[in-house]
Amino acid sequence: MTDAPVTAGAPRTAGAGAAVRRLRVDPVACDGIGACALAAPALVDLDRWGYPILPRRGLTPAELAAARVAARACPRRALWLLEPAPRGG
């Protein structure tokens, strides 16, 4: 793991058009309070300064609920779930 928080990036899709959801943090808005890690300890780690270390991959369906709880727990609203854009058809 690294000490730097993960910043926002472009959403990716996994094979067969499956949409990938990712947990993201705004490192400028984050104060390193750690509420996200308390809310979802299996998903969010903290670096030595209290800033979140997030998975650098898409979330599994089982992790989605924990990611939503972690995002809601952030008092600075610095954490969010990056949802893929809906595809037009």
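Starting from 1, residues in each chain are numbered consecutively following that chain's sequence as written. The model is predicted, so local features are restricted to residues of pLDDT at least 70 and side-chain atom pairs to those at 80 or more, both for listing and for counting; the totals for chains, interfaces and linings are taken over all residues. For side-chain calculations, the full set of non-hydrogen atoms in the structure is used, while hydrogens and water are omitted.

A. Summary view of the overall build of the chain. Helix and strand definitions here come from DSSP, where helices need a minimum of 4 consecutive H or I residues and strands a minimum of 2 consecutive E residues; each element is numbered from the N-terminal end. Tallying secondary structure elements over the chain gives two helices and six strands in all. When the helices and strands of the chain are listed from N to C terminus, the series reads β-β-β-α-β-β-α-β. Residue burial is assigned from relative accessible area. The probe radius is 1.4 Å, only protein chains are included, and a residue is buried under 20% of its type maximum, exposed over 50%, and partly exposed in between. Sorting the 89 residues of the chain into buried and exposed places 36% on the buried side. Contacts: residue pairs with any heavy atoms within 4.5 Å of one another. Counting contacts in the chain only where the partners sit at least 6 residues apart, residues at least 24 apart contribute 56% of the total. Only the protein chains shown count as cover for residues, and the accessible areas themselves come from Shrake-Rupley with a 1.4 Å probe. About 5400 Å² of surface is accessible on the chain, with carbon and sulfur atoms providing 57% of the total.

B. Molecular detail of the environment of Arg21. Inspection of the secondary structure assignment puts Arg21 in the loop between strand 2 (18-19) and strand 3 (22-25). In this structure Arg21 comes out as partly exposed when scored by relative accessible area, which is 28%. A C-alpha to C-alpha distance of 6.9 Å links Arg21 and Leu81, two positions 60 residues apart in sequence. If we ignore the near neighbours within four places in the chain, the residues touching Arg21 are Gly58, Leu59, Leu64, Leu81, Leu82, Glu83 and Pro84. By the criterion applied in these results, polar contacts are pairs of N or O atoms within 3.5 Å in which, for protein atoms, one can donate a hydrogen and the other can accept it, and in which residues neighboring in sequence qualify only through two side-chain atoms. A distance of 2.5 Å separates the side chain of Arg21 from the side chain of Glu83, its partner in a polar contact.

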